[in-house]
Amino acid sequence: MSDVAAHITGTVWKVEVTVGQKVSAGEVLVILESMKMEMPVEAPDPGVVKEIRCQPSQPVNEGDVLVVLDP
Amino acid sequence: MIRRLLIANRGEIARRINRVALGMGLETVAVYSDADAGLPHVREASQAVRIGPPPPRESYLDIEALLDAARRSGADGVHPGYGFVSESAEFARACTAAGLTFVGPPPEAMARMKDKARARVLAGEAGVPLVPGSAGVVADARAAAAEAERIGYPVLVKAAGGGGGIGMAVAGNAAELEKAFRQSADRARAAFGREGVYLESYFPAPRHIEFQVIGDGQGQLIHVLERECSIQRRHQKVVEEAGSALFLEGRNAGLLAAMGKAALAAASAFGYANAGTVEFLVSDGGFYFIEMNARLQVEHPVTELTTGLDLIGWQLRIASGERLTVKQEDVRRTGHALEFRIYAEDPVRFLPSPGRLAVFRPPEGDGVRVDAGYGEGDLVTPYYDPLLAKLIVAGRTRDEAIDRSERALEGFRVEGIRTNIPLHLRIVRDRTFRDGSLDTHFLEHHAKA
């Protein structure tokens, strides 16, 4: 199981996946917005989305877990 | 004259407008979102009005909230600054309808410039050289492909309602074009609510040179010389200068004169009044119109420092119906000035870096001016653009201004968040930058970490 965390402080703009979805490495899971820039958060490894811990327009801090993946 | 001016903006530009307005004897009204309640621009105005929660759509972009703030504070004029509602013809019209003096161009002129595909056509009709491209927006991917074949690859796909590089993509061949077309149309729809895109020939290494213009709408229209803004990242300006190294010591005087004339022709074609900027690309000795911006530019201070002209003061006077008494032949540049945009971002990975400014000590020195939106201890939130401050440095020559810039950048102390000051230091120490051989891809090849 791997936690995918926010790499910047900002707000969640879009959640691109749903629970149970199979994702490949490098696939965009969540798009964050910070200081007028969009920052995609990608899956580090292939897996299945086990849990989504954020929702659109939610403020997040660097290091907050956004998505949990099952290998 | 406007008596009580509402400043519909935040950060450094709100502070700057506030200082000029107070200096002219006006009362000022600041507006703020919940994220900005503790910032200097709120404290320094004669009064301040809360306009909503942090997201821009619910505060600084909310026309109703801004008009309500004007009503509640008894303002009779509005300065929009840059960004946010500054280029919204709808906002300008709403101000006029509410009996407020809008500090900016006539709404009709704003509408003409806002559609960048249409602006190209108007400028072309006025005899201004254009970047080779489509006559207007292209209907679909197939029409785009036909146009691109005619123009020749590579082409730049641009959103007609765009700005700041949003909805812009380069295509080197037909396959890339299809992707670029879709991407630009999608981005344009998401960001601007319209999906019209147009094509321009992509110049491999152009310089970005723009002209400040100012007119009173009563027959007097002048340009206030050029600025060079070739140092960019992702189509965002990073360093600007007045003037351009291309024209130092009287070089390329014919080109400079022709560009000044074209800038005035373009501004006239748009029915322009108040302060604005006509942007050109310069490539292989030719110059090409890209767009006109209907507002005060971020980089206006380099023009002010080298010409002595108070652009914001004139904006306020012109909006109040005064005539522009400065004549074209009165406009002369003394010395050279550079502006460095100090961003809250990682200088290597270029990621945003919001947070608290544990230490914030701008430099001082001869020819050094700092327009900052924040002070020590303030929180930089992720809701707005990453501009912390503008470092503006003037000298008698470009070399002297660059030397002073290096010292000022070395002395600029910021702790608590990451900034791009190290990037600026790499730029001013770069041999090619010093030589003045600039193009808009400079940062892809130079000043690397």
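Residues numbered from 1 in each chain as written. Chains lettered and ligands numbered in written order. Predicted model: local features only at pLDDT ≥ 70, side-chain atom pairs only at ≥ 80, totals over all residues.

1. Digging into the overall build of chain B
Condition: We count a stretch as a helix when DSSP gives it H or I for four or more residues in a row; a strand needs E for two or more, and each element gets its number in order from the N terminus. Residue burial is a threshold on neighbouring C-beta atoms within 10 Å of the residue's own C-beta, all placed from the backbone, with 20 or more meaning buried, 12 or fewer meaning exposed, and counts in between meaning partly exposed. C-beta atoms are placed from the backbone for every residue, and two residues are taken to be in contact when these atoms lie within 7 Å.
A count of helices and strands for chain B gives 15 helices and 20 strands. Considered along the principal axes of its C-alpha atoms, chain B spans approximately 55 × 50 × 45 Å. Scored against the burial criterion, the 449 residues of chain B give a buried share of 53%. Sequence-distant contacts in chain B: of pairs separated by 6 or more residues, those separated by 24 or more amount to 65%.

2. Digging into the domain arrangement of chain B
To be explicit about the condition: What fixes the domain bounds is an automatic or database domain assignment.
In terms of domain boundaries, chain B breaks down into domain 1 (4–103), domain 2 (132–201) and domain 3 (207–445). The distance between the C-alpha centroids of domain 1 of chain B and domain 2 of chain B comes to 35 Å.

3. Brief notes about the sheet that holds strand β8 (residues 65–70) of chain A
Whenever strands of a sheet pair, they do so through backbone hydrogen bonds, lying parallel or antiparallel. Residues and elements named next belong to chain A. Quick note on the threshold: By this definition, two strands are paired if DSSP reports at least two bridges between them.
With respect to topology, four strands assemble into an open sheet ordered β1-β8-β6-β3, the strand pairing being antiparallel. Looking at strand neighbours, the two that pair on one side only are β1 (2–5) and β3 (22–23), the edges of this open sheet. The pairing of β3 with strand β6 (residues 47–52) spans two bridges and is antiparallel. Residue pairing across strands places valine 23 opposite glycine 47, the latter belonging to β6.

4. Looking at the packing of helix α12 (residues 398–410) of chain B against helix α13 (residues 421–428) of chain B
All names here are of chain B. Put simply, the rule is: Helix axes use the C-alpha atoms of the stretch in contact, all axes being lines fitted to C-alpha atoms, and the angles between their N-to-C directions lie in the range 0 to 180 degrees. Angle categories are assigned with fixed cut-offs, so that under 35 degrees is roughly parallel, over 145 is roughly antiparallel, 65 to 115 is roughly perpendicular, and the rest are oblique. Should the near helix be turned counterclockwise from the far one by less than a right angle, the crossing is left-handed, whereas a clockwise turn marks it as right-handed. Only Asp, Glu, Lys and Arg are considered charged, only Ala, Val, Leu, Ile, Met, Phe, Trp, Tyr, Cys and Pro nonpolar, and every remaining residue, Gly among them, polar.
Contact geometry of α12 with α13 gives a least axis separation of 10 Å together with a crossing angle of 155 degrees. Between α12 and α13, the angle falls in the class roughly antiparallel. Crossing handedness for the pair α12 and α13: left-handed. Residues Ile402, Ser405, Glu406 and Leu409 of α12 pack against Ile421, His424, Leu425 and Val428 of α13. In terms of residue class, the contact of α12 with α13 is built from five nonpolar, two polar and one charged.

5. Some words on α13(B)
All names here are of chain B. Keep this limit in mind: Each C-beta atom gives one direction from the helix axis, and the arc is the one those directions make.
Three or more residues of α13 are buried, namely Leu423, His424, Ile427 and Val428. Axial view of α13: buried residues confined to an arc of 130 degrees, hence all on one face. The elements touched by buried residues of α13 are β10 (221–233), β11 (236–242), β14 (336–343), α12 and α14 (431–435).

6. Looking at unusual backbone geometry
Residue and element names in this part refer to chain B. Residues tyrosine 153 and proline 154 are joined by a peptide bond in cis, for which omega reads -5 degrees. Structurally, proline 154 can be placed in the loop between α7 (141–151) and β6 (155–159). Here alanine 242 and glycine 243 are connected by a cis peptide whose omega angle stands at 0 degrees. With respect to the helices and strands, the residue glycine 243 is situated in the loop between β11 and α9 (253–269). For glutamate 249, which is not glycine, the phi torsion reads 55 degrees and is therefore positive. For glutamate 249, the position within the fold is in the loop between β11 and α9. Positive phi, normally seen in glycine, also occurs at alanine 447, with a value near 55 degrees. Counting through the fold element by element, alanine 447 comes out in the segment after α15 (442–445).

7. Some thoughts on the interface of chain A and chain B
The interface of chain A with chain B comprises eight residues on the first partner and eight residues on the second. Considering only residue class, the side of chain A that touches chain B consists of three nonpolar, four polar and one charged.

8. Examining the packing of helix α1 (residues 11–23) of chain B against helix α11 (residues 311–319) of chain B
Axis angle and axis distance: for two packed helices, these are the angle between their axes and the distance between the axes, and together they describe the pair. All names here are of chain B. Contact geometry of α1 with α11 gives a least axis separation of 9 Å together with a crossing angle of 65 degrees. Relative to α11, α1 is oriented so that their crossing is right-handed. Side by side, α1 and α11 meet where Arg16, Ile17, Val20 and Ala21 of the first sit next to Ile312, Gly313 and Leu316 of the second. In the contact of α1 with α11, the residues fall into five nonpolar, one polar and one charged.

9. Looking at the nonpolar core
One broad rule of soluble globular proteins: the nonpolar side chains tend to lie buried together. Residue and element names in this part refer to chain B. Note the cut-off: Working definition: the nonpolar core is a set of buried Ala, Val, Leu, Ile, Met, Phe, Trp, Tyr and Cys residues, joined through C-beta atoms within 7 Å.
Residues Leu6, Ala266 and Phe280 are the most contacted members of the largest nonpolar core, which totals 121 residues. Broken down by element, this core gets its largest block of residues, eight residues, from α9. Residue-level mapping places this core at the junction of two domains, with at least three residues from each of domain 1 (4–103) and domain 3 (207–445). Aside from chain neighbours lying at most four places away, what touches alanine 266 is Ala123, Ala126, Val128, Val278, Phe289 and Met292. Counting residues in each nonpolar core, the second largest holds 21 residues, with Ala144, Phe181, Tyr198 and Leu199 among its members.

10. Structural notes on helix α5 (residues 107–114) of chain B
Of all the residues in α5(B), the buried ones are Ala109(B), Met110(B), Arg112(B), Met113(B) and Lys114(B). Against α4 (89–97), α6 (116–125) and β13 (286–293) of chain B lie the buried residues of α5(B).

11. A look at the pairing of strand β2 (residues 10–15) of chain A
Residues and elements named next belong to chain A. Here two bridges tie β2 to strand β7 (residues 59–60), and the two strands are oriented antiparallel to one another. Its bridge partner being in β7, glycine 10 is matched across the sheet by valine 60. Pairing between β2 and strand β4 (residues 28–34): four bridges, direction antiparallel. If you follow valine 12 over to β4, its bridge partner there is leucine 32.

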